[in-house]
Amino acid sequence: MKFENVDCVGILGAGVMGGGIAQNAILSGTKVLVRDINDEALEKARETIVNGRFGLRVGLERGKHTQEEYDWALGLLNFTTDPGDLADVDLVIEAIGGGDTGKLEDKPLKLKVWAEMEEIVKKDAVFASNTSTFSITDLAQATNRPELFIGMHWFSPANIMKLVEIIHTESTSEETYQLIEDVCKAWGKVSVKVKDIPGVDSGFIGNRIMGVARREAMKIVEEGTATAEDVNKAMVHGFRWPAGPLPLGGPGARSGWQ
Ligand SMILES: NC(=O)c1ccc[n+]([C@@H]2O[C@H](COP(=O)([O-])OP(=O)(O)OC[C@H]3O[C@@H](n4cnc5c(N)ncnc54)[C@H](O)[C@@H]3O)[C@@H](O)[C@H]2O)c1
């Protein structure tokens, strides 16, 4: 499938990531259908997309888009609680978490939902997971379309951060990879190519490197070498990092930056 043939993108999960991905897509002119398990989650997502800290209204006030673009983008935003409504979408991006276990990254939940999508969604639609952790090969096994299955790992806030890691497996077709690369380009993202390691829940590039930095930073604080504030200050002023490796409270990726 080519990007110009993508009429509608289904997004699973209307949380921090799903909402941000939806906002990015509609502002780029792509119609989306966002699915979550209840109306409250969908209502919250709409509110964040429109009135959130990085929402459309703030963008309008700051002159990032015109009233016309704002109205047009909102007209491309659709919600549903019925998974059956995703039958005809061309691309599904999965950003679910917090199921029965409440876990952000829940492999059994993702496998269950992908198996459900396999039954519902048309056979030539591409499936992309926004997992931060799990092997894409492992998730693809819940479906019968390994050549159409791929990882599309966004960073939070999804409508602001430029990077998307595209994770391909041994079975992902060149056409599928090209489609996702084109989606990233059309949606104003910078993509990098990552090869999946079957059975290894690694964190790909960004989270893997940040994990090492965070662990070392925590060790420095725990052993009493320096305070968390000074660890962050060292990296910001010594290496020009935009922020230090240690969270110091306040809103962050998990909260949706509200
Ligand atoms: N938060 C981040 O910084 C970040 C960054 C990159 C990737 N991710 C990944 O994205 C995924 C979602 O993370 P989040 O931060 O948006 O979580 P979140 O808790 O904000 O949102 C998850 C949403 O998924 C919904 N959901 C649960 N089961 C569902 C189902 N069967 N169908 C549709 N929706 C369902 C929940 O109701 C919830 O609204 C996770 O896999 C996470 O690891 C998160």
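Residues numbered from 1 in each chain as written. Predicted model: local features only at pLDDT ≥ 70, side-chain atom pairs only at ≥ 80, totals over all residues. Heavy atoms only, no water.

Asker: Before we move on, could you go through the pairing of strand β2 (residues 31-35) and cite the residues and values that matter?
Answerer: Most of β2 sits out of view: four of its five residues are buried. Two elements, β2 and strand β3 (residues 77-80), share four bridges in a ladder whose sense is parallel. For Val32, the partnering residue across the bridge sits in β3 and is Leu77. (Buried < 20%, exposed > 50% of the residue type's maximum accessible area, 1.4 Å probe, protein only. Helix = DSSP H or I, 4+ residues; strand = E, 2+ residues; numbered from the N terminus. Pairing = 2+ DSSP bridges.)

Asker: So, the pattern of salt bridges: which residues are in play, and what are the values?
Answerer: Throughout the structure, instances matching the rule amount to eight salt bridges. The salt bridge partner of Lys122 is Asp90, with a shortest N-O separation of 2.6 Å. Of the two residues, Lys122 sits in the loop between α5 (107-120) and β5 (126-129) while Asp90 sits in the loop between β3 and β4 (91-94), which places them 32 residues apart along the sequence. Bridged by salt links that share partners, the residues Glu94, Glu105 and Lys110 form one connected network. (Salt bridge = Lys/Arg side-chain N within 4 Å of Asp/Glu carboxyl O.)

Asker: Describe the packing of aromatic side chains, listing the residues and the values that go with them.
Answerer: Scanning the model with the defined rule gives four aromatic pairs in all. With a centroid separation of 6.5 Å and an interplanar angle of 80°, the aromatic rings of Phe127 and Phe149 are classed as edge-to-face. Of this pair, Phe127 sits in strand β5 while Phe149 sits in strand β6 (residues 149-154), placing them 22 residues apart in sequence. Side by side, Phe127 and Phe149 carry an identical accessibility label, which is buried. Judged by centre distance (6.1 Å) and plane angle (45°), the rings of Trp154 and Trp187 are tilted. With Trp154 in strand β6 and Trp187 in the loop between α7 (174-186) and β8 (190-195), the pair connects residues that are 33 residues apart, well separated along the chain. In terms of burial, Trp154 and Trp187 fall into one category: buried. (Phe/Tyr/Trp six-rings, centres within 6.5 Å; stacked < 30°, edge-to-face > 60°.)

Asker: Which residues make up helix α9 (residues 228-239), and what values do they have?
Answerer: The end-to-end C-alpha separation of α9 is 16 Å, in line with the 16 Å expected for twelve residues at 1.5 Å each. Among all positions in α9, only Ala228, Val231 and Asn232 are buried. The arc enclosing the buried residues of α9, seen along the axis, measures out at 95°, which places them on a common side. Exposed and facing more than 90 degrees away from the buried side of α9 are Lys233, His237 and Gly238. Where α9 is buried, its residues touch α8 (206-222). Where α9 ends, the next residue or the one after it, Arg240, has phi of about 60°, a positive value. (Expected span 1.5 Å × (residues − 1). Arc of directions from axis to C-beta. Contact = heavy atoms within 4.5 Å.)

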